[in-house]
Structure formats: structure tokens, C-alpha cells
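# Analysis of the macromolecular model
Residues per chain, in single letters:
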Amino acid sequence: MKETLQSWLPRLVLAPSFLLILFFVYGFILYTGYLSMSDSRMLPSYGFVGLDNYEKLWKLRHWTGSLKNLAVFGTLYIAICSVLGLLLAIFLDQKIRIEGMLRPIYLYPMALSFIVTGTAWKWFLDPGIGLEQTMHQWGWESFHFDWIKSRTHAIYTVVMAAVWQSSGFVMAMFLAGLRGVDPDIIRAAEIDGASRARIYWRIIIPMMRPVFLSAFVVLAHLAIKSYDLVVALTGGGPGKATELPATFMYSYTFTRNLMGIGASSAIIMLIMIFSIIVPYLYAELKTDRAS
Amino acid sequence: MKTSHTAAGLVLALGMGAVATTALADDVEVLHWWTSGGEAAALDVLKQDLESQGVGWQDMPVAGGGGEAAMTTLRARVTAGNAPTAVQMLGFDITDWANEGVLGNLDEVAAADNWDDVVPTALQGFAKHEGHWISAPVNVHSTNWVWINKSALDAAGGNAPTTWDELVSVLDAMKANGITPLAHGGQPWQDATVFDAVVLSMGNDFYQKSMIDLDPDALAGEQMIEVFNRMAMLRGYVDENFSGRDWNLASAMVIEGKAGMQMMGDWAKGEFLKAGQKPGEDFVCIRFPGTQGSVTFNSDQFVMFGQGEGNNEAQLKMAAAIMNPVFQSAFNVVKGSVPARTDVSDADFDDCGKKGMKDLAAANSAGSLFGSMAHGHAAPAAIKNAVYDVVTQHFNGELGSEEAAEELANSIEALR
Amino acid sequence: MRQSDTLPEARSSGAAVVQRGFNWQRIVLYIILLLFAVYYLLPLYVMLVNSFKPLAEIRGGDMLALPGTWTTAPWASAWSTAQIGVQATGLKPYFINSILMVVPAVLISTVLGALNGYVLTKWRFRGHGVVFGLLLLSCFIPFQIVLIPMARMLGLLGLAGTTWGLVIVHVVYGLGFTTLFFRNYYEAFPTELVRAAQMDGAGFFRIFFRILLPSSGPIIVVSVIWQFTNIWNDFLFGASFADVDSVPMTVALNNLVSSSTGVKEYNVHFAGAVLAALPTLIVYVVSGRYFVRGLMAGAVKG
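## A short note on the overall build of chain A
Broken down by element type, chain A carries 13 helices and zero strands. What you see in chain A, going N to C, is helices and strands ordered as α-α-α-α-α-α-α-α-α-α-α-α-α. The dimensions of chain A, computed from C-alpha atoms along their principal axes, are 80 × 75 × 30 Å. With 291 residues in all, chain A has 51% of them scored as buried. Across chain A, contacts joining residues at least 24 apart in sequence account for 67% of those joining residues at least 6 apart.

What follows is the structure, encoded as C-alpha cells:
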């Protein structure tokens, strides 16, 4: 009797979490899937309309534009955060005396919500009151920085603020990775006469592969879910220049009372997210089994 | 619902009893988005009034996006079966919720206080549903105002413009004087507020046909192209850094004399007064040139969510208190808007307020009081936002005037 | 695991490489690092500086300048007298709501995450990979889509508008992360120790409490920091599922800063923002070093 209990106990312990997730995540995803094929407007309603909402969705310039913006934003954000995070981690890993002081400074933006940091950024980027004006007051009259007001460049200011928020976290991940490298490997390479840059490029950075992967997953999902940031910084403007799928979905579901179209955009977002995560997960679990 | 049982079981298994708190029968829980100093203080007058009648006030403010955040909250609350007792609401949201059949009936208080005669007809279009009163309007904001810096105006000739051409020449003169002629914030609702006024300046009939009847011919026609041309002209008088700017920062530009004028609803007045300016002396308020005698409005109203069998006493008391002329006056003096009933004394209002009240009464009797598209009183949310999309894209140079008119007609048609 | 007993500072992998570096290289390195510190600190600086200025001075422009007249009135106002709704209570009363919500939510999700990670690495069963995959994928759903169905469920459970309702929501949507952290951490924990204890007759919970838990310090820190930050900063769930008695800090802060048609007191807003962020800031600064250590000890792997 005791034997059977012991053998079932692990599953029993896991069961509540698993059932909660099954219902509150996957159940709700199915529900959203149904809404995306319904005639819901202000509140859910269950008249079936097939793929109508999807057809309407893809005809909206607003939606295709937001996908293009996400492509630009996501690529830059992930690339810059990874490179910057790695560089800062390498720099910080050189026996820096003030590391204890610098690390929390790099990390703290992750702790703040964008409800108000967004305002600070918005001011800072605004040519009328922010950096540009300050430079003018300091005598650099020709200084020009008005990206946030430009339809073509505003998306880059969103990248700047987003990088500000999460690159420190990526730095911490890389730092942890670097600290896990066996110093003997480096010492051996040094004895062989390899230069410092070469050691990093050929030996250490390749060892960071798993960190790159985790960073990618964390950043990719942050990019696709980015909402607060855009709302606080640009409100999707100028025009629709910084509209992203997440702001699109909220707007259609909750402010435009077109819940069906909102749900269909949510389903497309989920498909995008899962198509990034599932292969990663598959590879991860496979190597697990191999080892 | 097998699954919900599972979930309930799990919750109990985790040792979390349900501790639902419900408002007492003689309390009102009020969902609203009036959180800034002045307006919240004004609402406090209502709270005090109700408390003196033994009705407790549970405050549930959710600010953001001109009520958008509060409306999201409301949907979650109603879905959860935990609707607040009273909710601040605008225009077509009221109609949409009334169609869901969840709003309480206020006929009893309305009849006692004779709302039918004192509330402007256009407001009744929202406050009544299928002949029954469902909401108590707190105020009427009118949106077709222009706020002009007095000394900038004096330097530009001194005469407040009354026609489009005069407006253009004043703007030109201001430009020549080296200031930004038009202070504007590039956010969709602000763009649309100016758009409303420009449409209205093409005539009452045109506004009615295009913005309220949503007639495709009017939406794509010559006059609409002219409207967009005028929007493009106005864009030429706005400074480089306009996009994303909050409306109050635009007001500050006018207050400080960095800019000549701002086209904005009557809430902008509060910014001027707070900065110590006096209407007529430091700043001038006029109707958007070409819209004299007409008013586009939005009106904050409170609806009561049905609590099972009919409304409870507290809700009816609150509705009555909102329509009390003393409260209407006290609240609107602070808020910058005008009372939602036409029989309130204008003694406590400043010059702009008095003018606002007179304009409202005149427009009401002349039939030239229209719901504002920009503020959700001309068409439902989906259409309003479709208008925002086009107006904002055009204002930012993404669409030409003819394209914009066509896009406007098409996107509205697609939603109907 | 290997490293969790040594301080990360002692083990710079670059240390061996750099010792003989030229001085000017070190100087450039320090300059670069300090410049980045400036980049990260700028927004906080803007917020702090402006929170000590009178409103008129802010309107006058130059947001980077130090205050001409220093005033702490905005801070006092944000904390105890600013208008949050009809009541001029400041942020003070909402602090306690947030704490009542955050503490149980963080504790429960961390405990469940630890147990899940333990089962998924040391008590594997057929299909454990799929279970983990499903838990992990749940981290990535956009929260907006669960608002309406979640509201319905909370209503059916009788938890609508309660702090416990919010706790459940945050536990559910944090489980994926905490499970991930602990699973990857315990993955590196020598299974032989567990098997040996089993031979000695130790049961499921005994092994967990006696063997794994005592060495889980770093990963508990990671889990707690992550959950604390996310839950404390959440606005969407707070605004949708809270009631008058359970409104969290972020919703109050939002009410303070984003009034639609009223006068904006930026100095008070910034003071409020810093106040609202204080708990998370303190958690980061105090436990920052353990955070890296925790990440190092396994979390980054996954």
C-alpha cells in the first residue's frame, strides 16, 4: 500500500499545477480560438462565422503594418540585447573593482514598470524638452535628435527603451554563464600562447551557446508581448509607425469592441510564439534524453 | 462545466476559501476615471452629498485612455458577475451596454425631477434607451473650442477669427511673428478633435450626414476632401515636435506664449485657470471659426448596473444627487464643462463657462447640438477608431486628402 | 551546483586572462562600463530630479537640470495626500494591498515550482517531457487573451474582486517560470544522492526537504525576484480583477499619473513612480549578487 502511494506521490504533487495550466492556459487558448471564429463584439458571443475574422484581419493595413513593425523591432531588440548583454558581461568579468556597484545599476530597469518609466523616456527623447533641447542649452546648437517624432525612426526609439529595460538582465545571464567556465581551460589556452580576444572568440563565446538560446527565448517572448512600453512611449504613433501586434490585439478586443478580430489576431500571435518556442523546446528535451 | 468543478476543487485543495466582499445594500461602488486633483475633488462633492443621505461611497477609479482602461475593467467585472453599482460612461458605450440588457431603469427619479424637459435632446439620445432613462448625465463638454493667447492674438491683428479664411490669416500672422501658430498634440483623439471641428465648419448638414448618418457619399465626397485639405493646412501651422505630445503640454505652449492657439475641448480651460490666467484678459475662448451656433459635445454620464430585481434605493439616490442643480453647478465650475441640464444658474461660471452654457442652450433649441465623433458620441467605438486611423494617418502624411476620404468611406462601410 | 558554494566575484573567468593587461586598456574598460551605467541611470535620474522640482520649474523646461528650488512636497503628496480617486489618500493604503497579494502569490508559486522541478527531474515518469513542455509554453501566452474567461472563472469560484482571486491568477501564470527555474536547477543536482537516500528508505518529501531544499538557496532567490517583480508591477490583472478592497499599487499609480482631462503634476507622478518601485528596487539591489549566482547555478541553462 505504502509502495503504491510512494510511486503515485510524484504525479499527485505535479497534478494540481498541471491541471491548473491545462485549464487556465490551454483551455483559454481553445476558448480564444473559438471566439476568433465567432461574431463577438463587445462581449463574447457564440455565433459561428468561420474564418471571416481572419479574412478581415489580413485585409487591415493596421495589422500587416504592426507585423512589419514587430519584425523590425524584434530583430533589433533581440540582436542588440544579446550583443550588448554579452559585451557588458565580458567587460564586467575582468575583475572590475566596482562590479558590485555596477551590476545592480545595469539590472534595475527590469524592476521598474513602464507605466511611468515610459514618461521619463518620452521626455528624454522629446526634442522639445529632452536631450536635443539640453544639448542646445549646453551650446551644441546643431545637435539633432528627433527620432521619436519621425515616422521612419520612431520604432528605433522603442528599441532603445526596450534595450534599456532588458539588456541588463541578459547581461546577468551571460555573466552567470561566464562564471561557470572552468578557469583551467582558459589557463591552458593562455599557456599555448593564444591572445585574449582569440580565447574569447574561439573558446568562451562558443561555450555560451545555451545562454544565447535562453536569452533568445526570453527576449523573443518579451518582444512579442511588448505592450506597456509602446503605450507609454508612443501610443503606437506617429501615425501607426510603432503599432505592434500586442497593441493591435488589445485595441481591437477592448477599445474597438471587435472581439472576434482581436481574438483572431491573438491566435496568430500565439502561432508565432509557439513556432519560435516549440523547436527550441524540442531540441532542449532531446539533448536531455541523450545525456 | 466539469472543468470548473475541477478548478474549484483545486482551489479548495489549496486552502483558499472564497472571501467575496459585496457592497452593502445602501452603498454604491462607483467605477470612474476621474482621478486628477480637480475633477476628483469635484466628484467628492457628490460623495459627501450621498454620505449625508446615508449612502456609502466605495471608490473604484481606473484611469487611462479617456476611460478605455475603465471599460476593460468593467467588462471583466460584468463577466465575473461582480458589476460595480454605478459606472461612468460615454456615448455609445451606454447604448452598447443598454443593448446587453444589464442597465437599471431610472424612470422613477427622472419623472420626479422632470429630466425630460431639462436635459438637452441630443443627450437624451444616450441617456434614454427604448424610452426609459438609463443614465444620469453629469456634464456636457463641448469640443469645438479654440483657445487663443491674448497677446499673441493682439500681435496678430487683435480680431478673433470667425471664418476659415480669417483663421488662416491669423495663423499666418502668428507664424510671421515667430511663434508656433497652432499648439497641437499628435495623438489620435486630439487629431480627431480638430477633425470634428473642421467637419462641422463645413456646415451642420454635412456633419450630420457624414459623422452621424455615416452616408458613404458624404464620407468620400468633395466636401470631405476639402476637410482633409484643411487638415493638411492646419498641419502646416503645427511645430515639428507635435507627435505624441499630451494635450496639456500643448495648452502650456499657449499659456507661455510659445504658441498662438490650441483647438481643444473645454477641459483645456482648467490648465489656463490653474496657471493663473483670466479669460478675456490673458486668453480668449472662441468657437472654431465657422461653427458658431453649433456645438459638438461629449457627456459623462453615470449608469446603474441592475442588481437583480430593480434598482436599490442607493442607486436612485445617487442618480437624483447627480442631477441636483447645485451639484451640477459646483461640479462643472471645477471641471470646465457645463451642466447637463439647461435650467442651472450660470452665476458661478466664468465668461467662457457662461458662453458655453448659452451656446449649449441655443444649439439645443436650434437642433445644432451634435455628438462628437472624436469622443464617441457620433458613432460606436469600432467606427470611431476607424475614423481615428484615417485622420491620424492623413495628418502624419501617410495618406493624401483624396485617398483619405476614400479610405474613410471604405473602412466605415466595412464595419457596418 | 558546482559553483553555488563560492561567491561569483571570486571566480571571474576573465581574471586569469586580464592580469597582465596594460593600464590604458583598463581605463578604457572602466570608461565604457561607466558610460553604460549613465545610460541605465538616466531615466531614473530624470525621474528623481524632476520629483524634487516645483511644477512651474518643470513646465519651464530643461528636464536634466538640477532643481532650482528643492522641494519634497511632491513626495509627501504622492505618499499620503495625492488624489487617487475621490479620496485624497496618496499611494499609502495601496501598498498593503499589493503586499497582501504579492507575498502569498510569490510563496505559493515558488513552492509549487520547486516541487514540480523536483518531480520532473528526480521522479520522472512517462510523458514528463510533454508535461514540462506544456508548463513552459504557458509562460508565453499574451495575458490579454485570458482576461474575459478568467473573469468568468473567478466569478464562478466566488473569488471575483478578492485578493485571493488575484493571488490565484498570479500563481497560475507564474507557475511556468518557477517550474522552469527549479527544473533546470535540479537537473544539475546529482541524482545519485537522491537514489542513495531512497535506498536508505527516505520518502519523497523527506528527500526533498532534507537533500534538495537546503541547497536550493540561489534558485529560490531567482524565483522570488522574478515573481516578485512581475507580480508587483502587473497592471492588467490588477485593474481587471481587483475590487475596492484589493486594488494594488500599480493601479493606484496609474490612477495618479494617467488622468485624462485633468492637470498633470509630473513631479508628483515621478515621486509616486519611484515610491511604487521601491520594493522591487530594494529586492534587486539587496539580492542582486545572489541573483547572478542563482542564474549561474542552473537557470540559464534552460
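## Some words on the overall build of chain C
Across its full length, chain C carries 14 helices and zero strands. Listing each helix as α and each strand as β along chain C from the N terminus yields α-α-α-α-α-α-α-α-α-α-α-α-α-α. Counting only residues that meet the buried cut, chain C has 59% of its 302 residues in that class. Of all intrachain contacts in chain C linking residues separated by at least 6 positions in sequence, the fraction that spans at least 24 positions is 77%.

## Regarding the interface of chain C and chain A
Opposite the 79 residues of chain C that make contact, chain A presents 88 residues. Ranked by residue count, the leading element in the side of chain C that touches chain A is helix 14 (residues 266–296) of chain C, at 14 residues. Among the residues making up the side of chain C that touches chain A, the classes are represented as 54 nonpolar, 20 polar and five charged.

## Things to note about helix 7 (residues 154–179) of chain A
Residues and elements named next belong to chain A. An ideal rise of 1.5 Å per residue puts 38 Å on 26 residues; helix 7 measures up with 37 Å between its terminal C-alpha atoms. In helix 7, a bend of some 40 degrees at Ser166 exceeds every other bend along the element. For helix 7, the tally of buried residues reaches 23 of 26 residues, placing the bulk of the element in the interior.

## Focus on the nonpolar core
In globular proteins that are soluble, nonpolar side chains generally tend to be buried together. Ranked by size, the top nonpolar core spans 328 residues in total, and within it Ala172(A), Phe174(A), Trp147(B), Ala319(B) and Ile322(B) carry the most contacts. Tallying contributions element by element places helix 7 of chain A first for this core, with 16 residues. When residues of this core are assigned to domains, at least three fall in each of domain 1 (25–141 + 298–366) and domain 2 (143–296 + 374–415) of chain B.

## So, the packing of helix 19 (residues 381–395) of chain B against helix 20 (residues 401–415) of chain B
All names here are of chain B. For the pair helix 19 and helix 20, the least separation of the axes is 9 Å and the interaxial angle reads 160 degrees. Classified by the angle their axes make, helix 19 and helix 20 are roughly antiparallel. As for the relative orientation of helix 19 and helix 20, their crossing is right-handed in sense. Residues Ala382, Ile383, Ala386, Val387, Asp389, Val390 and His394 of helix 19 form the contact with helix 20, whose own contacting residues are Ala404, Glu407, Leu408, Ser411, Ile412 and Leu415. A per-class count over the contact of helix 19 with helix 20 returns nine nonpolar, two polar and two charged.

## Comments concerning the sheet that holds strand 8 (residues 145–149) of chain B
All names here are of chain B. The sheet built from four strands is open, its strands ordered 9-10-8-11 with mixed pairing. Looking at which strands have only one partner, the edges of the open sheet turn out to be strand 9 (180–183) and strand 11 (283–287). Each adjacent strand pair in this sheet contributes to an overall mean axis angle of 20 degrees, direction not counted. In this structure, strand 8 lies alongside strand 10 (residues 259–263), joined through three bridges in antiparallel fashion. Bridging across to strand 10, Trp147 finds its partner in Gln262. Sheet strands in contact with helix 14 (residues 247–255) are strand 8, strand 9 and strand 10, and its direction is about 140 degrees off that of strand 10.

## Things to note about the sheet that holds strand 14 (residues 338–339) of chain B
All names here are of chain B. Read from one edge of the open sheet, four strands run 14-7-12-15, paired in mixed fashion. Edge positions in the sheet fall to strand 14 and strand 15 (369–371), since each of these pairs with one other strand and no more. As paired strands, strand 12 (residues 295–298) and strand 15 are joined by three bridges and run parallel to one another. Opposite Thr296, over in strand 15, you have Phe370 as the bridge partner.

## Thoughts on the interface of chain B and chain C
Between chain B and chain C, the residue contacts involve 46 residues of the former and 39 residues of the latter. Breaking the side of chain B that touches chain C down by element, the ones donating at least two residues are helix 1 (2–13), helix 2 (37–52), strand 2 (56–61), helix 3 (68–79), helix 14 and helix 15 (268–274) of chain B. Considering each element in turn, the side of chain B that touches chain C owes the most residues, eight residues, to helix 2 of chain B. Looking at the side of chain B that touches chain C residue by residue, the classes come out as 21 nonpolar, 16 polar and nine charged.

## Things to note about unusual backbone geometry
One non-glycine residue, Asn257(A), lies in the positive phi region at around 55 degrees. Here Asn257(A) shows up in the loop between helix 12 (245–255) and helix 13 (259–290).

## A word on helix 8 (residues 163–187) of chain C
Residue and element names in this part refer to chain C. The terminal C-alpha atoms of helix 8, which comprises 25 residues, lie 35 Å apart, in line with the 36 Å expected from a rise of 1.5 Å per residue. The sharpest bend along helix 8 measures roughly 45 degrees and falls at Gly174. Burial within helix 8 is extensive, with 24 of its 25 residues counted as buried.

## A few points about the pairing of strand 13 (residues 300–304) of chain B
Residue and element names in this part refer to chain B. Extensive coverage of strand 13 is indicated by the burial of five of its five residues. Inspection of the sheet shows strand 3 (residues 86–90) paired to strand 13 by five bridges, in the antiparallel sense. Each residue of the ladder has a partner; that of Val87, found in strand 13, is Val303. Pairing geometry for strand 6 (residues 135–137) and strand 13, over three bridges, is antiparallel. Paired with Ser135 across the strands is Val303, a residue of strand 13.

## As for the environment of Ile211(C)
Residue and element names in this part refer to chain C. Relative to the helices and strands, Ile211 is located in helix 10 (residues 204–212). You can call Ile211 partly exposed: it has 18 C-beta atoms within 10 Å. The spatial distance from the C-alpha of Ile211 to the C-alpha of Ala105 is 25 Å, given a sequence separation of 106 residues.

## Focus: the pairing of strand 1 (residues 27–32) of chain B
Residue and element names in this part refer to chain B. With five of six residues buried, strand 1 is to be regarded as a mostly interior element. Pairing between strand 1 and strand 2: six bridges, direction parallel. The residue of strand 2 that forms the bridge with Val28 is Trp57. Relative to strand 3, strand 1 is paired through two bridges, and the arrangement is parallel. Its bridge partner lying in strand 3, Val30 is registered against Ala86.

## Quick notes on the confidence of the model for chain C
All names here are of chain C. Chain-level statistics for chain C give a pLDDT mean of 82 and a share of 88% at 70 or above. No element of chain C has a lower mean pLDDT than helix 1 (residues 15–18), which averages 46, and none a higher one than helix 5 (residues 92–122), which averages 93. Contacts of residues 1–19 to residues separated by more than four positions or lying in other chains number 44 contacts, the stretch itself having pLDDT below 50. Across the interfaces of the predicted complex, the ipTM metric reaches 0.83, alongside a pTM of 0.85.

## What to know about the confidence of the model for chain A
Mean pLDDT over chain A works out to 85, with 97% of the residues at or above the 70 mark. Between the elements of chain A, mean pLDDT differs from a low of 78, seen in helix 5 (residues 114–125) of chain A, to a high of 92, seen in helix 3 (residues 61–92) of chain A.

## Notes on the environment of Gly129(C)
Residue placement: Gly129(C) occurs in helix 6 (residues 128–137). Counting along the chain gives 90 residues from Gly129(C) to Ile219(C), while the straight-line C-alpha distance between them is 21 Å.

Rules used in this analysis
- Residues numbered from 1 in each chain as written.
- Chains lettered and ligands numbered in written order.
- Predicted model: local features only at pLDDT ≥ 70, side-chain atom pairs only at ≥ 80, totals over all residues.
- Helix = DSSP H or I, 4+ residues; strand = E, 2+ residues; numbered from the N terminus.
- Buried ≥ 20, exposed ≤ 12 C-beta atoms within 10 Å, placed from the backbone.
- Contact = placed C-beta atoms within 7 Å.
- Nonpolar A, V, L, I, M, F, W, Y, C, P; charged D, E, K, R; others polar.
- Expected span 1.5 Å × (residues − 1).
- Bend = angle between axes of the 7 residues up to and from the residue.
- Core = buried A, V, L, I, M, F, W, Y, C linked by C-beta atoms within 7 Å.
- Domains from an automatic or database assignment.
- Axes fitted to C-alpha atoms, helices over the stretch in contact; angles between N-to-C directions.
- Parallel < 35°, antiparallel > 145°, perpendicular 65-115°, else oblique.
- Left-handed = near helix turned anticlockwise from the far one by under 90°.
- Pairing = 2+ DSSP bridges.
- pLDDT = per-residue confidence, 0-100.

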